[in-house]
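# Observations on the model geometry
Below are the chains, spelled out letter by letter.
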There are 2 protein chains.
Amino acid sequence: MDAGTEGSEPQGGVSSVGRVTLQQLAQELGLSTATVSLALRDSPVVADATRHKVLEAARSRGYVANRGAASLRTARTNIVGIGLHDIINPSFTELLAALEDSLSAAGKTVLLGVSQEDVARQTRTLGTLAEYRPDAFIVSPAAGTTVNDLRALAASGIAVVQVTRQVEGSGFDFAGSDDVAGVALGVAHLVELGHRRIGMIGSFPAASTGRSRLAGYKAGLAAAGLPFDPALIAEGPGLRETGRAGVLQLLDLPQPPTAAVCFNDLNAFGALMGLQSAGLTAGRDFSLVGYDDVSEAALWHPPLTTVFTRIPEYGVIAAGLALKRIADPTRPVERVMLTPRLVVRDTTAPPPTGRR
Amino acid sequence: MDAGTEGSEPQGGVSSVGRVTLQQLAQELGLSTATVSLALRDSPVVADATRHKVLEAARSRGYVANRGAASLRTARTNIVGIGLHDIINPSFTELLAALEDSLSAAGKTVLLGVSQEDVARQTRTLGTLAEYRPDAFIVSPAAGTTVNDLRALAASGIAVVQVTRQVEGSGFDFAGSDDVAGVALGVAHLVELGHRRIGMIGSFPAASTGRSRLAGYKAGLAAAGLPFDPALIAEGPGLRETGRAGVLQLLDLPQPPTAAVCFNDLNAFGALMGLQSAGLTAGRDFSLVGYDDVSEAALWHPPLTTVFTRIPEYGVIAAGLALKRIADPTRPVERVMLTPRLVVRDTTAPPPTGRR
């Protein structure tokens, strides 16, 4: 893609921003621009001595390859833009690691935009990235993202893959976990231990994950023949703060539950803090099930029973979907939902005697 | 971000690629270039009717936003690349929010690269970003980053500002906290409560913050006339895992300390988990001082005594340094170190009787 990269700049001229051009380097070295370009990419086609000479000259002259110009004429930039709605949840660190490992193995470089649940910020950040023509976007959309927002990203031929969260009906590839099944697993585990009044901590209907996990909670209750009681839901986003306040809110009810499932592990960690502040022990006095199984879950005392959503696995799958979509834009839409697994540790136990 | 981007194009003229410019569109519509630019991005900030008008005019005049072309002709892309060594520490979410707020108020868009403490990954990610000519890089360098690594980023005229961490002797602008003073504050607080055997949990000599915080620990001991005992340092990076293992390691010593300062709050949260697992209560049985004061610190039971490193403040300062460096590349290097403040909560108390 490079011999022609700077071809539109005046031969031997100085670029408008005062930097040395590929042509100038080539002229000074008495080499073709193609050779210089290949050498700058460490291509094995170029003899070692030549490559060494070019790299040294480039360094000493402060040469920077101008991809902006290159992308005007070539189809691939080998950039993948990742848009996450949040980075405060450690699950996104695990997701990002999985995405980056797979994408860099395929020769892609990852640039990250974080929306912090703000659609305007997401539009601005990904919009800027889009102008630089990444090969693909992998996006966990901010709450409130519309189908049109995603279509705008894809409009210029950029592959779009949704990860973790999705905008229902958008018709883009997706990789994530089956959250309805996942939360239902947690409820079934509590029912099996003898709990009959089970709450949910964290509820975020603005995101697809919030809707699916709430549906999983209801499905779990229904499967056990238990009634759904809206008073047993402590609403709020997937933050420690929500979990801490949420468990105290549930304990304050006239008829408190004996256990709760959580929207995510952060909610559960917050709930563990809340139980401690109330002088209660998780497991013995109140059972808690988290959601995600981030590495912190096993560190707690007592260690957290939770649902493993297989983030590293679906991260690899999302990266693969992006690569396949780049290679074949017309392939059928693929949506992968992994089935989560229950991980039983010590925050769940039969309810205290006489309180089921 | 846009009024300046195309500012060097001839007013009312035709751009070199033969398309109508943003300025022409704005002039014809009687709108600011910023409004036109936002409307073209479908920004919800712009009223629906205006957006519709702009999009229609853009379509009928054949306007195509072309950042690749724009960057060939203008010095500014209005992109700021942020390179963080880590995103697992919630302090970086707070830092990123401060940076983004300041930079977007100045019309810049933020793209993020995460090195995960891997210099090769940092070089690859920021190198790719560099090819797209951001106006500036704001970097918390991965451990092991050399002066030459930073100089390579700056070589093509991109402003480079270091935040939180720095590569000593690099001669780039810096904003962060005075970590020597900060950790010494924590030690002085423990000394005042009567502790004489004080450990340190978390120690990371590969990073400037690790060296400074260790120096602060030693300075605090020296100021109180206490000896430095290497056995009282539980080494490891700033993670919960390190803190949990670290406090148990210190408690296992033949002569255990009665208190510890920590490299960061994550270490302290891990240490709180470790104390719980050992059946001990922070404050009453063992005193702990964190470092950073991330929002989670106040949620714990007991709430964490820590040192507030003023991350949101120095984030704003780092953004300001970048903007000043962009405006005047020849201005003298500026290095800002904010003095941290002690935040006393409930994990510190006099040592158990008979154990000082």
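The name given to chain A in an unreviewed UniProt entry is LacI family transcriptional regulator, and the organism recorded there is Azorhizobium oxalatiphilum.

With respect to the secondary-structure elements, Ser295 of chain A resides in the loop between strand 9 (287-289) and strand 10 (306-308). With a relative accessible area of 42%, Ser295 of chain A lands in the partly exposed category. The spacing of Ser295 of chain A and Glu94 of chain A is 201 residues in sequence and 9.1 Å in space, taken between C-alpha atoms. Every residue in contact with Ser295 of chain A, bar those within four places of it in the chain, is listed here: Glu94 of chain A together with Glu241 of chain B.

Take the side chain of Thr306 of chain A next. Residue and element names in this part refer to chain A. Tracing the chain through its elements places Thr306 in strand 10. Of the residues examined, Thr306 reaches a relative accessible area of 0% and is grouped as buried. Polar side-chain contacts of Thr306 include one of 2.7 Å to the side chain of Asp265. Looking at Thr306, its side chain comes within polar contact range of the main-chain nitrogen of Tyr291, at 2.9 Å. Once you skip the residues sitting within four places of it in the chain, Thr306 turns out to touch Asp265, Val289, Gly290, Tyr291, Asp292, Asp293, Ala297, Arg341, Leu342, Val343 and Arg345.

Residues and elements named next belong to chain A. A two-sided burial pattern is seen for strand 3 (residues 136-139), the buried positions comprising Ala136 and Ile138 on one face and Phe137 and Val139 on the other. Bridging between strand 1 (residues 79-84) and strand 3 involves four bridges; their strand directions are parallel. In the sheet register, Gly81 faces strand 3, and the bridge partner there is Phe137. As judged from the four bridges shared by strand 3 and strand 4 (residues 159-163), these two strands associate in the parallel manner. Across the sheet, Val139 pairs through a bridge with Gln162, a residue of strand 4. Between strand 3 and its parallel partner strand 4, the chain crosses via helix 7 (residues 147-154), and the hand of that crossover is right-handed.

This part covers the packing of aromatic side chains. How two aromatic rings sit relative to each other is given by the distance of their centres and the angle of their planes. All names here are of chain A. Taken as a whole, this structure holds five aromatic pairs over all chains when the rule is applied. Judged by centre distance (6.2 Å) and plane angle (75°), the ring pair of Tyr217 and Phe228 falls under edge-to-face. Residue Tyr217 is found in helix 9 (residues 208-223), and its partner Phe228 is found in the loop between helix 9 and strand 7 (233-234); the two are separated by 11 residues along the sequence. Residue Tyr217 is classed as buried on the basis of its relative accessible area, which comes to 0%.

Using the criterion set out here, one finds 32 salt bridges over all chains in the structure. In this structure, Asp229 of chain B and Arg197 of chain B form a salt bridge, with 3.4 Å as the shortest nitrogen-oxygen distance. Remark: Arg197 of chain B occurs in the loop between helix 8 (179-192) and strand 6 (198-201) and Asp229 of chain B occurs in the loop between helix 9 (208-223) and strand 7 (233-234); sequence separation between them is 32 residues. A network of salt bridges, in which partner residues are shared, links Arg240 and Glu296 of chain A together with Arg240 and Glu296 of chain B.

Our focus in this paragraph is the environment of Ile326 of chain B. Residue and element names in this part refer to chain B. For Ile326, the location among the structural elements is in helix 12 (residues 311-327). A residue is classified by how much of its surface remains accessible, and Ile326, at 10% relative accessible area, is buried. Each C-alpha atom, one on Ile326 and one on Phe228, is 45 Å from the other, the two residues being 98 residues apart in sequence. With sequence-adjacent residues up to four places away left out, Ile326 is seen in contact with Arg76, Lys108, Asp135, Ala136 and Ala159.

What follows is about the sheet that holds strand 7 of chain B. All names here are of chain B. Read across the sheet, four strands follow the order 7-6-8-9 without closing on themselves; strand pairing throughout is parallel. Both outer strands of the open sheet, strand 7 and strand 9 (287-289), are each paired with one neighbouring strand and no more. Across four bridges, the pairing between strand 6 and strand 8 (residues 259-262) is parallel. Counterpart to Met200 in the pairing with strand 8 is Val261. Set on the sheet, helix 8 makes contact with strand 6, strand 8 and strand 9; between it and strand 8 the angle comes to about 165°.

Turning next to the environment of Ser277 of chain A. Here Ser277 of chain A lies in helix 11 (residues 265-277). Separated by 11 residues in the primary sequence, Ser277 of chain A and Leu266 of chain A place their C-alpha atoms 17 Å from one another. Apart from residues lying up to four places away in sequence, Ser277 of chain A is in contact with Arg244 and Leu248 of chain A together with His301 of chain B.

Turning our eyes to something else, we now look at unusual backbone geometry. Look at the link from His301 of chain A to Pro302 of chain A: it is a cis peptide, with omega at -5°. We note that Asn78 of chain B has phi near 60°; this positive angle belongs to a residue other than glycine. One can find Asn78 of chain B in the loop between helix 4 (67-73) and strand 1 (79-84). For Asn78 of chain B, a relative accessible area of 8% corresponds to the buried category.

This part is about the packing of helix 10 (residues 240-251) of chain B against helix 11 (residues 265-277) of chain B. Residues and elements named next belong to chain B. Close contact between helix 10 and helix 11 brings their axes to 6 Å; oriented N to C, the two are set at 50°. Taken together, helix 10 and helix 11 sit at an angle that is classed as oblique. Pair helix 10 / helix 11 crosses with right-handed handedness. Contacts between helix 10 and helix 11 involve Arg240, Thr242, Gly243, Arg244, Val247, Leu248 and Leu251 on the former and, on the latter, Leu266, Asn267, Phe269, Gly270, Ala271, Met273, Gly274, Leu275 and Ser277. Looking at the contact of helix 10 with helix 11 residue by residue, the classes come out as eight nonpolar, six polar and two charged.

Rules behind the numbers
Residues numbered from 1 in each chain as written. Chains lettered and ligands numbered in written order. Predicted model: local features only at pLDDT ≥ 70, side-chain atom pairs only at ≥ 80, totals over all residues. Heavy atoms only, no water. Helix = DSSP H or I, 4+ residues; strand = E, 2+ residues; numbered from the N terminus. Buried < 20%, exposed > 50% of the residue type's maximum accessible area, 1.4 Å probe, protein only. Contact = heavy atoms within 4.5 Å. Polar contact = N/O pair within 3.5 Å; in protein donor to acceptor, adjacent residues only side chain to side chain. Pairing = 2+ DSSP bridges. Right-handed = clockwise from strand over helix to strand, strands pointing away. Phe/Tyr/Trp six-rings, centres within 6.5 Å; stacked < 30°, edge-to-face > 60°. Salt bridge = Lys/Arg side-chain N within 4 Å of Asp/Glu carboxyl O. Axes fitted to C-alpha atoms, helices over the stretch in contact; angles between N-to-C directions. Parallel < 35°, antiparallel > 145°, perpendicular 65-115°, else oblique. Left-handed = near helix turned anticlockwise from the far one by under 90°. Nonpolar A, V, L, I, M, F, W, Y, C, P; charged D, E, K, R; others polar.

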